[in-house]
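Chain residues, written in single-letter form:
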Amino acid sequence: MRAATIERKTRETEIFVAIELDGTGDYDIETGIGFFDHMLEAFAKHSMIDLKVRAEGDLHIDMHHTVEDVGIVMGQAAAKALGDCNGIRRFGASYIPMDETLSRATLDISKRPYLIWKVDFARPKVGDMDTELFKEWFHAFAMNAGICLHVENIYGENTHHIIESCFKALARAFRDALEVDPRSDGGSPSTKGSLGS
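Procedures and definitions
Residues numbered from 1 in each chain as written. Predicted model: local features only at pLDDT ≥ 70, side-chain atom pairs only at ≥ 80, totals over all residues. Heavy atoms only, no water. Patch = residues over 30% accessible without salt bridge, like charges linked within 9 Å, V, L, I, M, F, W, Y side chains within 5 Å. Areas by Shrake-Rupley, 256 points an atom, 1.4 Å probe, with all protein chains shown as cover. Salt bridge = Lys/Arg side-chain N within 4 Å of Asp/Glu carboxyl O. Helix = DSSP H or I, 4+ residues; strand = E, 2+ residues; numbered from the N terminus. Axes fitted to C-alpha atoms, helices over the stretch in contact; angles between N-to-C directions. Parallel < 35°, antiparallel > 145°, perpendicular 65-115°, else oblique. Left-handed = near helix turned anticlockwise from the far one by under 90°. Contact = heavy atoms within 4.5 Å. Nonpolar A, V, L, I, M, F, W, Y, C, P; charged D, E, K, R; others polar. Buried < 20%, exposed > 50% of the residue type's maximum accessible area, 1.4 Å probe, protein only. Pairing = 2+ DSSP bridges.

Describing a nonpolar patch on the surface
Together, Y95, I154 and Y155 give the surface a local cluster of nonpolar side chains, amounting to about 310 Å² of exposed area. Relative to the helices and strands, Y155 is located in strand 10 (residues 148-155).

Focus: the packing of helix 2 (residues 64-82) against helix 3 (residues 133-145)
Relative to each other, helix 2 and helix 3 sit at 25°, their axes nearing to 7 Å. Comparing their axes, helix 3 and helix 2 come out roughly parallel. Like other packed secondary-structure pairs, helix 2 and helix 3 cross with a definite hand, here right-handed. On helix 3, the residues touching H64, V67, E68, V70, G71, I72, M74, G75, Q76, A78 and A79 of helix 2 are L133, E136, W137, A140, F141, N144 and A145. In terms of residue class, the contact of helix 2 with helix 3 is built from eleven nonpolar, five polar and two charged.

Considerations on the pairing of strand 6 (residues 101-108)
With six of eight residues buried, strand 6 is to be regarded as a mostly interior element. Here strand 5 (residues 91-98) pairs with strand 6 via eight bridges, running antiparallel. Across the sheet, the residue bridging to A93 is T106, located in strand 6. The hairpin formed by strand 5 and strand 6 contains two residues between the paired strands, and D99 there has a positive phi angle of roughly 55°.

Focus: the packing of helix 3 against helix 4 (residues 159-178)
Contact geometry for helix 3 and helix 4: axes closest at 11 Å, N-to-C directions at 15°. When the axis of helix 3 is compared with that of helix 4, the two are roughly parallel. Remark: the crossing between helix 3 and helix 4 carries right-handed chirality. In this structure, helix 3 uses F134, W137, F138 and F141 to contact helix 4, whose residues at the interface are I163, C166, F167, L170 and F174. Taken together, the residues of the contact of helix 3 with helix 4 sort by class into nine nonpolar, no polar and no charged.

Put into structure tokens, the structure is as follows:
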């Protein structure tokens, strides 16, 4: 079973994440930020990853530390659950339409993390959440999961739709990439013999 649990405590946040990659999309998420919870629930549902998140952060200051730290711990848990990545498909890509919006995510579970973020928002907030924080989450998740991730909103107007389509695109791409390839011999999905080198 490819699963992991990570806890992280700082003076700013306390984060707990439990993840099971070969799940059914079950989720139990409480970060104290309603819209952010909604996005993580969509990520779990459409990646088919079982995900539990508990976060307590310095929300009296702002949401930045909580959002970024959840991304860090989720990425660490994903990397731990993936282990050596032997036998996985490694690459994934997904286009997600949502009404007037179309977004794309492409990724490589390479252990050479990188983020390209081509997403702009017309509004500075959605609900009470600053839209600039979504890049912080995607960056933290990619860096700590060891993923080369490209996210692009191709077109769209509604801020909610743009953000949600990006999370769902990541979820579907990640689902494809982490799946065990039945045609693989179970070895490294790299001609080098190991990822990250």
